[in-house]
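What the coordinates show
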Amino acid sequence: MRLTVIGCGYVGLVTGACLAAAGHEVFCTDIDDQRIDLLKAGKVPIYEEYLEEVLKRAAAEKKISYTSDAGQAIRSGEVIFICVGTPPKESGEADLSAIDHVARQIATEAKTSKLVVEKSTVPALTGVQLQRALAAYSRNGQIKFEVASNPEFLREGTAVEDFFHPDRIVVGVENEASATKLREIYQPILERKFHCPVHAGKCPGGEKSELLVTTINSAELIKHASNSFLALKISYANVIADLCERVGANVEEVTRAMGLDPRIGGQFLKAGLGFGGFCFPKDIQAFIHLSASVGVDFDMLKAAERVNKQRIDRFLEKIHKALWVVRGKRVAVLGLAFKAKTDDIRFAPALAVIRRLVEEGAEIHASDPEAMERTKALFPNLAYHEDPYEALKGADAALVCTEWQQFREIDWERAGKLMARRLVIDGRNLYSPKKMHELGFDYYSFGQT
Ligand code: UGA
């Protein structure tokens, strides 16, 4: 099928690339001309594992193309996926101006009927507004616009794998015809008929994914309800970690045992510096805002958000306790990205920590496998090192802020010889306290004594 993707951020690019790999012809457009030029030149503007490979293959097979001409892209596709950003406003409410802008473009540029799919994360009831905007700006009464919601559940860092091997595909529709069209689009994914870069054509067996057909309002709610629940889970684990510190228990033992209960599940119970990124912090705020706007008390989400913000304070408390005076100290920061396998630093806990330490007069030496370039733009005066051991040289303390595999594998015996002092404050609980103590380190982490 001929598909249009509007918005070439990570969701749009992964969606476009993977749908092209599934055999569709995909036309991508973005308001940012530079981004389109880069893509046309075969470059990928973000780091996402496997994405470059899938895009290259799709381009070679002439399944994907890019244009700055939104009108042309809109006219080329039968189905249009809206993948534009929905950033938070000051109030926490989602800013839907990009969706509104795109709706107007679609309504004025389309020459034939279209199925318009919301892929961007939007609050419930956006579909109704989208339908209204499409009708209001349409110049041709003969053209019909159907609206659908198809939320993405892509984690940055594993987005390509998540797209090809989804737990579920949710399509919120107004009628059976839209459901049929979306099922047709996702059929190759459901039947695993695509070249999988993750498993090199040998995808593991197991149950196939399910495509759930819902109303548009439900589909929109599913996305926010899922992300907010995961954020709640993380904050819950973090409060348990605080409790563990007080009563002398170990959060890793507690959450591991909890997670073995299938009703709880072991994922997203990892205590530490808390959640960051451009999804959880903004989605939880948007969900709080939506709930309040319809008169529903969702105070527990506010508590989860508060707990998450306090993680930075807790971490700073540990730093002060261990390091005493911060001014003039050389501090190695391992990890800048909000999580491993991405160069995304939006709402990254590491940056909040760095900001506070810089204010206090610390000398920061940072290392991250992917996120240094982006961080340099915000903090040009830090020292950056490709090699984490260089960052650790002469350091009074090492802070671990992102759970990169490279940092899990650090040889602390070697690092200890380079550092001015054997002190590690671990915001991601990557190491065994016992082993670190055996190596002569002062080692602080979350919820472990
Ligand atoms: C999240 C969801 O997991 C995706 O399903 C969703 O599609 C996406 O948001 C989105 O809305 O687009 P993402 O933000 O990429 O994905 O990252 P996660 O893997 O969910 O991690 C979020 C944050 O929570 C990270 O900062 C991570 O370090 C932190 N985290 C995660 C914890 O602190 N503890 C955990 O146990 C798990």
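To be clear, the structure that these remarks concern was listed above.
Here's what I pulled together on the structure shown here.

**A closer look at the pattern of salt bridges**
- In the structure shown here, the tally under the stated rule is 31 salt bridges.
- Of the charged contacts, one joins glutamate 109 and arginine 75 as a salt bridge, the two residues approaching to 2.8 Å between their closest N and O atoms. Taken as a pair, glutamate 109 in helix α5 (residues 97-109) and arginine 75 in helix α4 (residues 70-76) lie far apart in primary sequence, 34 residues in all.
- For glutamate 109, a relative accessible area of 29% translates into the label partly exposed.
- Residue lysine 309 pairs with glutamate 305 through a salt bridge whose shortest N-O separation is 4.0 Å. Here glutamate 305 and lysine 309 lie together in helix α12 (residues 299-323), a separation of four residues that amounts to about one turn.
- Classification of lysine 309 as exposed rests on a relative accessible area of 54%.
- Look at the salt bridges and you will find they share partners, linking Asp242, Arg311, Arg314 and Glu317 into a network.

**A short note on the nonpolar core**
- Ranked by size, the top nonpolar core spans 55 residues in total, and within it Ile319, Leu357, Leu399 and Trp412 carry the most contacts.
- Contributions of two or more residues to this core are made by α12, β9 (330-334), α13 (349-359), β10 (363-367), α15 (388-392), β12 (397-400), α17 (412-418) and β13 (423-426).
- Of the residues forming this core, the biggest block, six residues, is contributed by α12.
- The contact partners of leucine 399, leaving out residues within four places of it in the chain, are Phe315, Ile319, Val331, Ala332, Val333, Leu334, Val353, Leu357 and Ile425.

**Notes on the site of the ligand**
- Around the ligand, the surrounding shell holds 22 residues, and the nearest of these are Glu152, Glu156, Lys223, Asn227 and Lys270.
- In this structure, glycine 276 approaches the ligand through a main-chain N or O atom, which is 2.9 Å from an oxygen atom.
- Taken by itself the ligand offers 720 Å² of open surface, and the protein chains cover 92% of this.
- Residue assignment for the shell around the ligand shows that the elements contributing at least two residues are α9 (216-247) and α11 (280-293).
- Ranked by residue count, the leading element in the shell around the ligand is α9, at three residues.
- Split into classes, the residues belonging to the shell around the ligand amount to 10 nonpolar, three polar and nine charged.

**So, the side chain of threonine 67**
- Within the secondary structure, threonine 67 is located in strand β3 (residues 64-67).
- Polar contacts involving the side chain of threonine 67 include one to the main-chain amide nitrogen of aspartate 69, which spans 2.9 Å.
- If sequence neighbours within four positions are ignored, threonine 67 has contacts with Cys28, Thr29, Asp30, Ile36, Lys40, Gln72 and Ala73.

**Description of the packing of aromatic side chains**
- One pass over the full model with this rule turns up 10 aromatic pairs.
- Residues phenylalanine 164 and phenylalanine 194 carry aromatic rings whose centres are separated by 4.3 Å and whose planes lie at 10 degrees to one another, so their mutual orientation is stacked. Of this pair, phenylalanine 164 sits in helix α7 (residues 159-164) while phenylalanine 194 sits in the loop between α8 (176-190) and β8 (210-214), placing them 30 residues apart in sequence. There is no split in this pair, since phenylalanine 164 and phenylalanine 194 are both buried.

**Some points on the environment of valine 128**
- Mapped onto the secondary structure, valine 128 falls in helix α6 (residues 126-137).
- Residues valine 128 and isoleucine 216, 88 residues apart in the sequence, show an inter-C-alpha distance of 8.5 Å.

**Regarding the packing of helix α1 (residues 10-21) against helix α3 (residues 51-60)**
- Between α1 and α3, the least distance of the axes is 9 Å, while the angle of their chain directions is 50 degrees. Relative to α3, the element α1 is oriented oblique. Our pair here, α1 against α3, has a crossing hand that is left-handed. For the pair α1 and α3, contact is made by Leu13, Val14, Ala17, Cys18, Ala20 and Ala21 and by Leu51, Val54, Leu55 and Ala58, respectively.

Parameters and conventions
Numbering of residues starts from 1 in every chain and runs along the sequence as written. Reporting of local features is limited, given that this is a predicted model, to residues whose pLDDT is at least 70; pairs of side-chain atoms are given and counted only at 80 or more, and all residues count toward the totals for whole chains, interfaces and linings. Side-chain measures were taken over the full set of non-hydrogen atoms in the model, leaving aside hydrogen atoms and water. The rule for a salt bridge is simple: a side-chain nitrogen of Lys or Arg has to be within 4 Å of a carboxyl oxygen of Asp or Glu. Comment: elements are numbered from the N terminus, with helices defined as DSSP H or I runs of at least four residues and strands as E runs of at least two. The buried label goes to any residue with under 20% of its type's maximum accessible area, the exposed label to any with over 50%, and the partly exposed label to all in between, with areas taken from a 1.4 Å probe on protein chains only. Buried Ala, Val, Leu, Ile, Met, Phe, Trp, Tyr and Cys residues form a nonpolar core when they are joined through side-chain atoms within 4.5 Å. Whether two residues are in contact is decided by their heavy atoms: any pair within 4.5 Å suffices. Near residues are defined by distance, with any heavy atom within 4 Å of the molecule or strand qualifying the residue. Polar contact is defined as a pair of N or O atoms within 3.5 Å, subject to the rule that within protein one atom must be able to donate a hydrogen and the other to accept it, and that residues adjacent in sequence are counted only when both atoms are side-chain atoms. Residue burial considers only the protein chains on display, and all accessible areas are found by Shrake-Rupley using a 1.4 Å probe. The classification used treats Ala, Val, Leu, Ile, Met, Phe, Trp, Tyr, Cys and Pro as nonpolar, Asp, Glu, Lys and Arg as charged, and all other residues, Gly among them, as polar. Each aromatic pair joins two rings of Phe, Tyr and Trp (for Trp, the six-membered one) with centres within 6.5 Å, and gets the label stacked for planes under 30 degrees apart, edge-to-face for over 60, and tilted for any other angle. Only the stretch in contact is used when a helix axis is fitted, and all axes are lines through C-alpha atoms; the angle between N-to-C directions ranges over 0 to 180 degrees. Oblique is the label for any angle not under 35 degrees, not over 145, and not in the 65 to 115 range, which are roughly parallel, roughly antiparallel and roughly perpendicular in turn. For a crossing to be left-handed, the near helix must be turned anticlockwise from the far one by less than a right angle; the clockwise case is right-handed.

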